[in-house]
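Here is what each chain is made of, one letter per residue.
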Amino acid sequence: MAASLITLMILSVVVYFISKVNWKLGTIVNFLVGLSSMFYVLSLEAGSSEKIVLFGQKLYLEWTDVSFYFSMVSLMVIVAVKFFSIRWLETQRYRAAFNMFVLMMTAGSLGVFMAADLITLYIFWEIAVLSSLLVVPMEREEAKRAAVVYAIISAVGTYAFLYGAFLIYQRYGTFRISTVVQSMVDDTSTGFKLAVFLLLSLAGIAKSGIFPLHTWIRKTYALSPDAFSSILSGQLSKLGNYIFTLVISVVPSLKVFSDLIVYSNVPLPNYLLITLGNISIVIGTLMAIKQDDMKMLMAFSSVANGGYILVGLGTMDPLGFEGGMFHIFNHAVASAVIFMAFAAVIYRTKTSKISEMGGLIHKMPITFLAYLFSIISLAGIPPMSGFISKWMIYQALVRKGMFITAFVAFFGSIGSFLYVFRPLAGIFLGQLPKRYREVREAPIVMLVPMVLLVLVSFFLGVWPFPVLQTIENIRMDLGIATSFKIVDQENWLIRGFAGSWNTVLVFSLFLTGFVVAYILYSLFPRARKVDLMVPHREEGTPLNVYTGGEFIYSPDLYHYNTNFYAGFERMYRNHPSWESITSAIGKLFHDIGEWFHRWFFASSASAYTFWVVATLLLIFWVRW
C-alpha cells in the first residue's frame, strides 16, 4: 500500500513533465494510472496492514472494507473525469499542473482511506486538500478569493481534527484508530469523549459542506475548472463522509455515548450532527432553487445531499446506515455526471448562466439524457439507484419515530424536484437562442464517461445488490444491529421495517409504462409547430398566446428560465443569510488587519520611530 501511494506521488511529477511536452499524452497517462489504481484496489485483501517510516515519522496503513468502499467510489469519479479531460483540457491553460495535482490528490485521498492512525490520516488529508486547493484558482481570476475561503474553512476543520488527535494522544498515548476505539469505549469521561467527537467531526463538516461550514462550496464549485467541479462534489466531499463514518460508526457512538441517549436510541452527539444535516438539507434546497448559475445550483444541491448522508449515518440504524452509505455512492455518481454535463455545455456555449441558454436538447441530446437520468437519481425517483438510498433513509427515520427529520428529508426531496428541473428546462428545453444554432454535441471522449456512469447508476437501480451487499458486510463488521438483514438477493428484495422493495418488479412496471406511453405517443397526432409571434390580424398582438395570465409580446418571455420560480422565491427572498454573516465577520477581520498594517507597517519614518521607541520602553519596563 505504501509503495502504491509513493508511486502515485512520483508519477504525478512524471505526468507533469509528460504533459508539458504533450498535454494529451500526459492526460492519457494520468487516466491509465487512475485505471490501474482501481485494479490495484480490487486486488487488495481486507485486513492487510503496513508500517512505514517517513522522515522519522511512523505511518500505519490498514486495508478494511470501509477503505475499499470509499476508495472505489472515489476512483470511479476520478477516473471518469480524467477520461473526460482528454478532450476537455484543450480549453484550459494549465494542463500539466492540472494533471499533476489531480493525481497527487488521488494519492492523498487513497492515503486517507488507508490510514490506520490519526497522524497518517492527517498527512494524506493535507495532501489531498492542498492539491485540490491549487486547482481551484487555476483558470479564473475571481476564483482566487474562493480558494482563500476554501483554504480558511478547510483549515478550521483540519486543525480541529489535529487538536482532537493530540487530545487523544495525550490521554491514551496512541494515534492508532483501533486502539483509540477501544479506549473510548472504556473511558468514563463523557466530556472528554464529546470534545474529541466534535473536534474530529469538524473536519467532516468542513469538507462535506455541512452547515455552518458550507459557505465555501457555492463559489468554489462554481469558479473551479468545470470538470474539476465533478471531483469536488463527487469525490472530495466524500473525504468528509469518511470522517463521519469514522467518528460515528467505526468509533461506535452508540457504545461510547450510551449514557447520552436523548431520543429513540440516538445519542446526543449523533443528534447534533443530524440537526446540522437537517439544516443543510433545508438551506441547500432553498438556495439551489433560486440559483441562475447552474454550477452554483448544483453546489447547493451537494450541501443538501451531504445532509441526507449525515442524517442516515447519524441514526446508527441498520437501514439508515446502509441508506447513508449507499447515498454516498449515488450522490458521487450523479453529481459527477451532472457537473460533467455542465462542463460539456460550457465547453460548447461558453456560459454557465441558465438564463442565457435554452433549446439545447436537439443540439446536445446525449448530454441532455445523461443529465436527465442523473437528476432522476439525485431527486430519488425510481428506477434509478438514488431512490433506493433515500427510501432506506426514510424507512430508518420513520422506524425511529424521527418524524420532524423525516419531514425535512421529504421537503428536501420535493425541493430537489424543483431545482433539478430548472437547468433541465432552462438549458435544454424552450427556445434555442440564435447564437447557439451552430452548437454541436460534446465530443465523444467527453460523452463516454458520462454515459458509463449513468449506466452504472441505472444498473444499480435495478440490481443494487453488489453495492448493498458490500455495505451490509461493512455494517456487520462494525457491529451495527447484526441480527437485522436488509439485503435479500435471492428474492430480489431490500427489506425495510414497513415493507420490502423489489427492484426488478418496479423496473418491470416502469418499463411497461414506458412502452404503453410510447405506443400512445405513436398513435396520436404529433404536436404541430406554429409561429408564436405571428401578430393578431386586427390588434397586432400575438394571437391567443399567453402565459401566467399575461400576453406574450417578446420572444424572450417564452423562455421560462427567466425568474423561473419567482412566486416561490418571493416567499423567502428576505431570509437571513449565513453567508452574509460570515462575510461580515471576514470583513471585520480584514479591517482589523488593515488597521494593524497601517499602524505597524506604514511607510512612514515617524511611525517606525514611534513603535521602535515604544517597544524599547516596554522591554526596559519589563526588564526593570
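All figures in this text were calculated on a predicted structure; none of them were measured in a lab.

**Student:** Whenever I open this one, the overall build of the protein confuses me. Can you help?
**Tutor:** Looking only at helices and strands, the protein features 23 helices and 9 strands. Relative to the 2.2 N^0.38 estimate, which gives 25 Å for 624 residues, the radius of gyration of the protein is 26 Å and therefore close to what a compact globule would have. Judged by the C-alpha coordinates and their principal axes, the protein covers about 100 × 75 × 55 Å. Expressed as a percentage of the 624 residues in the protein, the buried residues total 55%. Look at the contacts in the protein between residues 6 or more apart in sequence, and 77% of them connect residues 24 or more apart. Accessible area of the protein: about 28,100 Å², with a carbon and sulfur share of 66%. Across the protein, 45 positive and 34 negative side-chain charges occur, with their mean positions spaced 5 Å apart.

**Student:** What's the story with the pattern of salt bridges in this structure? I'm lost.
**Tutor:** Oppositely charged side chains can pair when the atoms bearing their charge come close. Throughout the structure, instances matching the rule amount to 12 salt bridges. Notably, a salt bridge pairs Glu-322 with Arg-475, separated by 2.7 Å at the nearest N-O pair. Taken together, the residues span a long stretch of sequence, with Glu-322 in helix α14 (residues 318-349) and Arg-475 in helix α19 (residues 465-478) at a distance of 153 residues. Each of the two residues, Glu-322 as well as Arg-475, counts as buried. With a closest N to O distance of 2.6 Å, Asp-488 and Arg-495 form a salt bridge.

**Student:** Looking at this structure, I do not really get helix α13 (residues 294-314). What am I missing?
**Tutor:** Helical geometry: 3.6 residues make up each α-helical turn, so side chains three or four residues apart lie on a common side. Over its 21 residues, α13 runs 30 Å from end to end, which matches the ideal 30 Å to within 8%, given 1.5 Å per residue. The buried fraction of α13 is high, at 21 of 21 residues. A distance of 2.9 Å separates the backbone nitrogen of Lys-295 from a side-chain oxygen at the start of α13, and that oxygen is part of Asp-293. Positive phi appears at Met-316, one or two residues downstream of α13, with a value of about 55°.

**Student:** Honestly, the sheet that holds strand β5 (residues 487-488) in this entry has me stumped. Any pointers?
**Tutor:** The pairing of strands in a sheet comes from backbone hydrogen bonds and takes either a parallel or an antiparallel form. Pairing within the open sheet is antiparallel, and its 3 strands lie in the order β5-β6-β7. Edge positions in the sheet fall to β5 and β7 (499-502), since each of these pairs with one other strand and no more. Contacting β6 (493-496) and β7, helix α20 (residues 503-523) crosses the sheet at an angle of about 60° to β7.

**Student:** I keep staring at the packing of helix α6 (residues 143-172) against helix α8 (residues 190-208) and nothing clicks. Help me out?
**Tutor:** The description of two helices packed together rests on the angle between their axes and the distance between the axes. Viewed as axis vectors pointing N to C, α6 and α8 meet at an angle of 155°, and their least axial separation amounts to 8 Å. It follows from the interaxial angle that α6 and α8 lie roughly antiparallel. As α6 runs across α8, the sense of the crossing is left-handed. For the contact of α6 with α8, the residue count by class is 16 nonpolar, 3 polar and 2 charged.

**Student:** I would appreciate a short explanation of empty space enclosed by the protein in the present structure.
**Tutor:** In this approach, a probe sized like a water molecule rolls over the atoms, and the result shows the empty space that is left. Tallying each qualifying case throughout the model produces 6 cavities of 30 Å³ or more. Its volume calculated, the largest cavity comes out at about 60 Å³. Every residue lining the largest cavity is listed: Leu-118, Ile-168, Ile-177, Val-180, Leu-200, Leu-246, Val-247 and Val-251. Of all the elements in the fold, those that place two or more residues in the lining of the largest cavity are α7 (177-186) and α10 (228-250).

**Student:** I would appreciate a short explanation of the packing of α14 against helix α15 (residues 365-379) in the present structure.
**Tutor:** Look at α14 against α15: their axes get within 9 Å of each other, and the N-to-C directions meet at 150°. Looking at the two axes, α14 sits roughly antiparallel to α15. α15 is crossed by α14, and the crossing has left-handed handedness. Touching His-331, Ala-334, Val-337, Ile-338, Ala-341, Phe-342, Ala-344 and Val-345 of α14 are Thr-367, Ala-370, Tyr-371, Ser-374, Ile-375 and Leu-378, all from α15. Of the residues assigned to the contact of α14 with α15, the class counts are 11 nonpolar, 3 polar and no charged.

**Student:** Is there a simple way to explain the side chain of Ser-85 in this structure?
**Tutor:** Within the element layout of this structure, Ser-85 appears in helix α3 (residues 65-88). With relative accessibility at 1%, the residue Ser-85 sits in the buried group. Within the structure, the side chain of Ser-85 is placed 2.7 Å from the backbone oxygen of Val-81, a separation counted as a polar contact. Excluding anything up to four places from it in sequence, Ser-85 contacts Trp-23, Thr-27, Phe-98 and Ala-227.

**Student:** Looking at this model, I keep getting lost on the packing of aromatic side chains. Mind explaining?
**Tutor:** Describing an aromatic ring pair means giving the distance of the ring centres and the angle of the ring planes. A complete count under the given rule lists 28 aromatic pairs for this structure. Look at Phe-197 and Phe-257: their rings are 5.5 Å apart centre to centre, the planes differ by 85°, and that puts the pair in the edge-to-face class. Linking Phe-197 in helix α8 with Phe-257 in the loop between α11 (253-256) and β3 (261-263), this pair joins segments that are 60 residues apart in sequence. The two residues Phe-197 and Phe-257 agree in class, both being buried.

**Student:** What is the right way to read the pairing of β7 from this model?
**Tutor:** On a regular strand, one side chain projects to one face of the sheet and the next to the other, so that they alternate. In terms of strand pairing, β6 meets β7 through 4 bridges, oriented antiparallel. By the bridge assignment, Ile-494 is partnered in β7 with Trp-501. Between β6 and β7, which pair antiparallel one after the other, the connecting turn spans 2 residues.

Cut-offs used in this document
Residue indices follow the written sequence of each chain, beginning from 1 at its first position. Reporting in this predicted model follows two pLDDT cut-offs: at least 70 for local features of residues, and 80 or more for side-chain atom pairs to be given and counted; totals over whole chains, interfaces and linings ignore these cut-offs and use all residues. Values shown for side chains rest on all heavy atoms present in the structure; no hydrogens or waters enter the calculation. By definition, any uninterrupted DSSP run of H or I lasting at least four residues is a helix, any uninterrupted run of E lasting at least two residues is a strand, and each is numbered from the N terminus. As a reference, a globule follows 2.2 Å times the number of residues to the power 0.38, and the radius of gyration itself is taken over C-alpha atoms. Only protein chains enter the accessibility calculation, which uses a 1.4 Å probe; a residue whose area is less than 20% of its type maximum is buried, one above 50% is exposed, and one in between is partly exposed. It only takes one pair of heavy atoms within 4.5 Å for two residues to be counted as in contact. Note on areas: Shrake-Rupley, 1.4 Å probe, and residue coverage restricted to the protein chains presented here. Positive charges are assigned to Lys and Arg, negative charges to Asp and Glu, while His and the chain termini are left out of the count. A charge is said to be at NZ when it belongs to Lys, at CZ for Arg, at CG for Asp and at CD for Glu. One side-chain nitrogen of Lys or Arg within 4 Å of one carboxyl oxygen of Asp or Glu is enough to make a salt bridge. One less than the number of residues in a helix, times 1.5 Å, gives the span that helix is expected to have. Under this definition, polar contacts are N or O atom pairs within 3.5 Å; protein pairs additionally need one hydrogen-donor-capable and one acceptor-capable atom, and for neighbouring residues in sequence, both atoms have to be side-chain atoms. DSSP bridges decide pairing: two strands pair if at least two such bridges lie between them. Angles shown run from 0 to 180 degrees and are taken between the N-to-C directions of axes, each axis being a line fitted to C-alpha atoms and, for helices, limited to the stretch in contact. These descriptions rest on fixed angle ranges, namely under 35 degrees for roughly parallel, over 145 for roughly antiparallel, 65 to 115 for roughly perpendicular, and the rest for oblique. Should the near helix be turned anticlockwise from the far one by less than a right angle, the crossing is termed left-handed; should it be turned clockwise, right-handed. Polar here means any residue outside two lists: the nonpolar Ala, Val, Leu, Ile, Met, Phe, Trp, Tyr, Cys and Pro, and the charged Asp, Glu, Lys and Arg; Gly therefore counts as polar. Only protein atoms enter the 1 Å grid used here. Points where a 1.4 Å probe fits but cannot escape make up a cavity, open sets with protein on both sides within 12 Å along at least five of seven lines make up a pocket, and a residue lines them when an atom lies within 4 Å of a point. Grid points are joined across faces, edges and corners, and a volume is the space filled by probe spheres set on the points. By convention, a stacked pair of Phe, Tyr or Trp rings (six-membered ring in the case of Trp) has centres within 6.5 Å and planes under 30 degrees apart, an edge-to-face pair has planes over 60 apart, and any other such pair is tilted.

Everything listed here is a matter of coordinates, which is why it stays silent on function.
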